[in-house]
Amino acid sequence: MGVRRVIAHLDADAFYATCHELLDPSLRGRPVIVGGTGPRSIVTTASYPARRFGVGSAMPMSRALRLCPGAIVIRPDRDLYTRTSRQVWDMVGAALVDAGAVCEGEDGPIAHLEQAGIDEAYAELVLIEKPLAFLRGLIADVRVQTGIQLSAGISPSRLISKISSDLEKPAAFVVLSREQALERLAGRPLSIVPGIGPKAAHTLTELGFQTLADLARADPVMLLQAFGESRGGWLAQVADLSVDVPLQPVRQRKSISSEHTFEEDVDPDPGTDTGAPMPLREQVEKMAAEVAGGARKRSFRGRNVAIKIRTGEWRTYTRATTLPDYTDDPARITLEAVKLWEQHRPAEPIRLLGVRLGAFEHVERRERTGTDSPDAATSPQLQFVLDGGVARTRPSGRRTRR
Ligand SMILES: [Mg+2]
């Protein structure tokens, strides 16, 4: 480990069950099991009161209900989890940016955060002066604002942090150096190591290695012979907890837009009988529907609807409306986009038209400063504008992915 790192692994406690408790506070403190109710259903997760009865994730529901007959069983609700998850990680990401825990993204600095699952993420805090105080404050803020309790493991590597956050759940805050971790984890079974599954653990046990301390005594050459070069080498690094994989931060999506560049500049008022620019209005409607569809597909709801207009003279401007609440309703987004179009359509010919939905739920929206580059649009396409930069486009494809 050449580079100094301060990696926090943040993991929500009983995430799914907590999401349901937030919707229905009467569930709080009661044994809640999330999962299907069919004969073959398994437990997705259980609240801590249910866990005290021995109920655990991936257990057959029938067995869980025998262990805890009084449990309240709730069907999984993907949308709820996605919304809550986004709320939590957007908040963590924004706090990291504010505190200077950033790294260079393609379009500028981004939060040094890698989401590892719906309810867990790694953050690099090395640039923060007092990382532990920062993290305690952040975890408290997240709890107050979202109702989600994060457990944290903090160490020089993601492996140690990942193991640590699980040591004292719920509301864990475990800080370990590599040396401290070697000492504290020495007697633990190898199954606590992410990446050592039941099968590998079994093989290791047969070779005489049950704990991390056992593995630390292993001859690295023997590990290479038994497990092959890459796996054996990895196990040798696990043994002294020196496995170190850098974070891969992902940019936060700030808006979804659809743009159309016309092959020839279009006169917005072609002098028809009514004077109504129907083709362009229809274009706006079509793009609004695309944007709404894209938002829905990803469980985004926004409250800022905007249109973008570029004239034949390359004058580019956007006009936006902020709604009183968040929406992904195609009819509503279309209505607002068309209204903006009617109010702001220019008299001069138009080269490009766009519709955008932004200010997503719980995402702090920062004003974009970049202007769109002349070649930024091929037609028509859906774009994702990412934190701190202009839209990326792929000439060949309809969509850019994050
Ligand atoms: Mg969790």
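Going by the structure above, here's the rest.
Structural notes, computed from the coordinates. Keep in mind that this is a model prediction, so the values were computed, not measured. (Residues numbered from 1 in each chain as written. Predicted model: local features only at pLDDT ≥ 70, side-chain atom pairs only at ≥ 80, totals over all residues. Heavy atoms only, no water.)

A word on the overall build of the protein chain
Across its full length, the protein chain holds 13 helices and 15 strands. Expressed as a percentage of its 402 residues, the buried residues of the protein chain come to 49%. Contacts spanning at least 24 positions in sequence make up 65% of the contacts within the protein chain whose residues lie at least 6 apart. Within the structure as shown, the protein chain displays about 19400 Å² of accessible surface, and the carbon and sulfur contribution to it stands at 50%. (Helix = DSSP H or I, 4+ residues; strand = E, 2+ residues; numbered from the N terminus. Buried < 20%, exposed > 50% of the residue type's maximum accessible area, 1.4 Å probe, protein only. Contact = heavy atoms within 4.5 Å. Areas by Shrake-Rupley, 256 points an atom, 1.4 Å probe, with all protein chains shown as cover.)

A word on the coordination of the magnesium ion
Around the magnesium ion, the protein contributes the donor atoms D11 (OD), A12 (O) and D119 (OD), at 2.2 to 2.6 Å from the metal centre. Site description for the magnesium ion: donor spacing in sequence, D-A-x106-D. Taken together, the positions of A12 in strand β1 (residues 7-12) and D119 in the loop between β7 (113-117) and β8 (120-124) put the pair 107 residues apart, joining distant regions of the chain. The class for A12 is buried, based on a relative accessible area of 4%. (Donors = N, O, S within 2.8 Å, 3.2 Å for Na, K, Ca; no water.)

Quick word on the sheet that holds strand β9 (residues 150-155)
Strand order in the open sheet formed by 5 strands is β7-β8-β1-β9-β10, and the pairing between neighbours is mixed. Both outer strands of the open sheet, β7 and β10 (173-175), are each paired with one neighbouring strand and no more. Neighbouring strand axes in the sheet, compared pairwise and without regard to direction, differ in orientation by 15 degrees on average. In this structure, β1 lies alongside β8, joined through 5 bridges in antiparallel fashion. By the bridge assignment for β8, D11 is matched with E120. (Pairing = 2+ DSSP bridges. Axes fitted to C-alpha atoms, helices over the stretch in contact; angles between N-to-C directions.)

Here's the deal with a negative patch on the surface
Judged by side-chain charge, E263, E264, D265 and E313 come together as a negatively charged surface patch. Looking at where E264 falls in the secondary structure, it is placed in strand β11 (residues 253-266). (Patch = residues over 30% accessible without salt bridge, like charges linked within 9 Å, V, L, I, M, F, W, Y side chains within 5 Å. Salt bridge = Lys/Arg side-chain N within 4 Å of Asp/Glu carboxyl O. Lys, Arg positive; Asp, Glu negative; His and termini not counted. Charge placed at Lys NZ, Arg CZ, Asp CG, Glu CD.)

With respect to the environment of I160
By the element assignment, I160 lies in helix α6 (residues 158-165). The sequence separation of I160 and V175 amounts to 15 residues, and the corresponding C-alpha distance is 9.5 Å. Not counting residues within four places of it along the chain, the set of residues in contact with I160 comprises S155, L176, R178, A181 and L241.

Some details on the packing of helix α10 (residues 220-227) against helix α11 (residues 229-239)
Two elements in contact, α10 and α11, have axes separated by 7 Å at closest approach and are oriented at 145 degrees. The crossing of α10 and α11 is right-handed. Side by side, α10 and α11 meet where P220, L223, L224 and F227 of the first sit next to E229, R231, G232, G233, L235 and A236 of the second. A breakdown of the residues in the contact of α10 with α11 according to their chemical character gives 6 nonpolar, 2 polar and 2 charged. (Left-handed = near helix turned anticlockwise from the far one by under 90°. Nonpolar A, V, L, I, M, F, W, Y, C, P; charged D, E, K, R; others polar.)

Thoughts on the environment of I128
Among the structural elements, I128 can be located in the loop between β8 and α5 (131-146). Among the residues examined, I128 registers a relative accessible area of 9% and is labelled buried. In the structure, I128 is positioned 122 residues away from V6 in sequence and 9.2 Å away in space, judged by C-alpha atoms. Excluding anything up to four places from it in sequence, I128 contacts L96, A99, A101 and F134.

Remarks on the sheet that holds strand β2 (residues 32-35)
One open sheet accounts for 3 strands, arranged β3-β2-β4; its pairing is mixed. Whereas interior strands pair on both sides, the edge strands pair on one side only; in this sheet they are β3 (43-46) and β4 (72-74). Neighbour-to-neighbour, the strand axes of the sheet open up by a mean angle of 25 degrees, direction not taken into account. Taken together, the 3 bridges between β2 and β4 define a ladder with parallel strand orientation. Considered in β4, the bridge of V34 is made with I74.

Observations concerning unusual backbone geometry
Going from K169 to P170, the amide bond is cis rather than trans, its omega being -5 degrees. Note that P170 resides in the loop between α6 and β10. A positive phi angle, close to 40 degrees, is found at A14, a residue other than glycine. Along the chain, A14 falls in the loop between β1 and α1 (15-23). The residue L241 is not glycine, and still its phi comes out positive at about 55 degrees. Looking at the secondary structure, you find L241 in the loop between α11 and β11.

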